Amino acid sequence: MASISIWTLMVIAVVFFFPNKSHLHAQQSYVNNKQLDCYNTAFNSITEGFQCNAVQSSSCQSYLTFRSSPPYYVTPVSISYLLGAQDSTSLLVSINNISSDVASIPADTQVIVPVNCSCYNNQYYQHNASYTLKFALETYFSVANNTYQGLSTCQALMDQNPIGDRNMTVGQQLHVPLRCACPTSNQTSLGFNYLVTYMVTWGDTLSSIARLFGVDLQNLLEANELSSTSIIFPFTPILVPLTTKPTNFSPAVESPPAAAPPPQISVAPPPDSNSSSNKFVFVGVGLGIAALIGFCLFGFLFWYRRSAKSHRPVPISAPIGPKTVQSESVAIPDSNSWSLSSDGVRYAIESLTVYKYSDLQMATGYFSKDNIIKGSVYKGNFKGDGAAIKVMKGDVSSEINILKKLNHSSIIRLSGFCVHQDNTYLVYEYAENGDLSDKIHTLPWKQRVQIAHDVADALNYLHNYTNPPYIHKNLKTSNILLDANMRAKVSNFGLARSVDNEEEGGLQLTRHVIGTQGYMAPEYIENGVITPKLDVFSFGVVILELLSGKEAASDRKSAEEEMLSATIIRVLEGDNVRQKFCEFMDNSLGNEYPMDLAFSLAQLAETCVAVDINARPPIAQVRMTLSKILSSSIDWDPSLELNSSTTSIGSGR
């Protein structure tokens, strides 16, 4: 027994004094979303770059990941020039198994880019690139997080460029430090010769990243000072240690936004000490549950409609209006009650429930005043399920046929309709918290950003994931509804129209300009120009309303009317920007919002409401930026605001 005890003590001593060399000593601190807080200097040691900690050499061969981004960065040549890796174009082609240096890479496909990584100023590793400002209203934030997809930070750009953040103009050239790193002596002694800067995307987990590159999870964790329960965020860099040079891997392409709702801000489970490395990027579990519920609901509704149609006649007593959508003919029960020219309505029957008027009467208490939600919209109750019933006159078949094709969590769902006498009754899902215009002043910061993200997600779906694409044309806060969880749902598609893919940029012209003052883009008001950028302008105004609590067009000094889209330009230009911006923000928020993130959101809104249509970003880019602001807002701690309260926004940096 004595001998066993002695051997036990010796083993303990060996383990204690000589740690297991299969594990890496910590390499770098994970940035943890701090790169989105541009004006907070408290995190400069993390946001400026990875620390120079290699002993053997001050430079090394390193690798970056980048997702092809139409329309500018879709070939090996264009990507290598953007990342300052022109000399490595042929190697980029070889690593990623691309046919040539001018071959088109599918959108959002991830490629590995070889670069030379060096120690800058004896402090931070970086690979140097340069970028010429191409658009009006570009900022350090947009260049770092949109153009370079998080490979740089606004803090590093501001530190290494003499141009003030409010003095950036088209044609100026920026020095862009890209985040890379060299292996430590511990890593090289264990055979790790290369580090890849991998950019996290939605749905990634630490274990999935490790599997993607074929590395041990513990090595990945320690290289970034993370644990198996750590939360990682989209658009942030993770260092991946490799023993050999990387080769092509299966790209982690972001799924279309219709497949699942965006992340919930109200669900942030605490770390589980027993959880494995399969920790999703904050939202994975919620996405899976939402998809399962959606699938089950779809199956039930399908069964219910099939059953209902086979057991009851169609209670339609009047036509809905002239034909608006070409479609094939379908068999209609009780055809004597139909106007055969109503092809739009006939086509809708196969996917929507046709309600009896008597059912609507019972559901709304015979359309009593007590059940009026707003205007001609009534609250209904169908066996315990809430619904919103909108009474309309005239031809609404266009809206019916658009909504029946849409399937997105941030777009209001049309469940059915009824035509009775001269009215059409549209039955929608019920949004318990009404419309956004009535709720803005009651919303905290995180809910405002989540709502903005929901709306951007819906518009991105309409513009890029429907066939044909659609332009909403009437986006405003009163057409954004809030459900029981305060999640946004875009409604009122009466003015929506499809985009003709054969027309360049989806441009259309109309002489019939309809809209709400303050939300309409100038090219639409003046020339009747309709493009997807019309929705981008309106959305920019919605963001400004969320920030300021002010109306899109309000009386100023009781005499002149100033548009919110014009106000923001006055606020963000000239002197005393911080003071003007604080006065612009909604007083009901008090100090309970992150100043720097709010400022970044205002800058985004300013680009959206640019007078020049070409200066406005596409909604996909807007959504991407909002995703980053949302991700950072979720992680925001109000106590951090005290640390940056003296930071000067727009003071010449």
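Now for a quick tour of the structure. From a predicted model like this one, the values you see are computed outputs, not experimental measurements.

**Some remarks on unusual backbone geometry**
Cis rather than trans, the peptide bond between Asn 467 and Pro 468 has omega equal to 0°. Turning to its location among the elements, Pro 468 is positioned in the loop between α14 (445-464) and β13 (470-471). One non-glycine residue, Asp 108, adopts positive backbone phi at about 70°. In the Ramachandran plot, Lys 383 falls in the positive-phi region, its phi being about 50° despite a non-glycine side chain. Assignment of secondary structure puts Lys 383 in the loop between β9 (377-382) and β10 (385-393). Taking the relative accessible area as the measure of exposure, Lys 383 reaches 87% and is therefore exposed.

**Some remarks on helix α8 (residues 206-213)**
Listing the buried residues of α8 in full gives Leu 206, Ser 207, Ile 209, Ala 210 and Phe 213. Buried residues of α8, seen end-on, are gathered within an arc of 160° and therefore sit on one face of the element. Close packing links the buried residues of α8 with β5 (194-199), α9 (217-223) and β6 (237-242). Gly 214 occupies a position one or two residues after α8 and carries a positive phi of about 70°.

**Description of the sheet that holds strand β1 (residues 59-67)**
If you trace the six strands from one edge of the open sheet to the other, you get β4-β3-β2-β1-β5-β6, paired in mixed fashion. At either margin of the open sheet sits one strand with a lone partner, and together these are β4 (173-178) and β6. Strand-to-strand, the axes of this sheet are offset by a mean angle of 35°, without reference to chain direction. Of the strand pairs in this sheet, β5 and β6 are connected by six bridges, and their pairing is antiparallel. In the sheet register, Tyr 194 faces β6, and the bridge partner there is Leu 242.

**What to know about the nonpolar core**
The biggest cluster of nonpolar side chains holds 129 residues, and the ones touching the most others in it are Trp 445, Phe 539 and Phe 581. When near neighbours in sequence (up to four residues on either side) are disregarded, Phe 539 contacts Ala 452, Val 455, Ala 456, Leu 459, Leu 475, Ile 619, Val 622 and Leu 626. In this structure, Tyr 63, Leu 206, Ala 210 and Phe 213 belong to the second largest nonpolar core, which totals 22 residues.

**Structural notes on the packing of aromatic side chains**
If you walk through the whole model with that rule in mind, you get twelve aromatic pairs. A centroid spacing of 5.4 Å and a plane angle of 55° characterise the contact between Tyr 357 and Tyr 425, whose relative ring orientation is tilted. Remark: Tyr 425 occurs in strand β12 (residues 423-429) and Tyr 357 occurs in helix α12 (residues 357-363); sequence separation between them is 68 residues. A relative accessible area of 5% places Tyr 425 in the buried class. Between the aromatic rings of Phe 581 and Phe 599, the centroid separation amounts to 5.4 Å while the plane-to-plane angle is 85°, which identifies the pairing as edge-to-face. Here the residue Phe 581 occupies a position in helix α18 (residues 577-584), and Phe 599 occupies one in helix α19 (residues 595-608), the gap between them amounting to 18 residues. Judged on exposure class, the residue Phe 581 and its partner Phe 599 are both buried. Taken together, the aromatic side chains of Tyr 357, Phe 367, Tyr 378 and Tyr 425 make up a single cluster linked through ring pairs. If you follow Lys 628 out to its NZ or CZ, it ends over the ring of Phe 235, 5.2 Å from the centre.

Conventions and cut-offs
- Residues numbered from 1 in each chain as written.
- Predicted model: local features only at pLDDT ≥ 70, side-chain atom pairs only at ≥ 80, totals over all residues.
- Heavy atoms only, no water.
- Helix = DSSP H or I, 4+ residues; strand = E, 2+ residues; numbered from the N terminus.
- Buried < 20%, exposed > 50% of the residue type's maximum accessible area, 1.4 Å probe, protein only.
- Arc of directions from axis to C-beta.
- Contact = heavy atoms within 4.5 Å.
- Pairing = 2+ DSSP bridges.
- Axes fitted to C-alpha atoms, helices over the stretch in contact; angles between N-to-C directions.
- Core = buried A, V, L, I, M, F, W, Y, C linked by side-chain atoms within 4.5 Å.
- Phe/Tyr/Trp six-rings, centres within 6.5 Å; stacked < 30°, edge-to-face > 60°.
- Lys NZ or Arg CZ within 6 Å of the ring centre and 35° of its normal.

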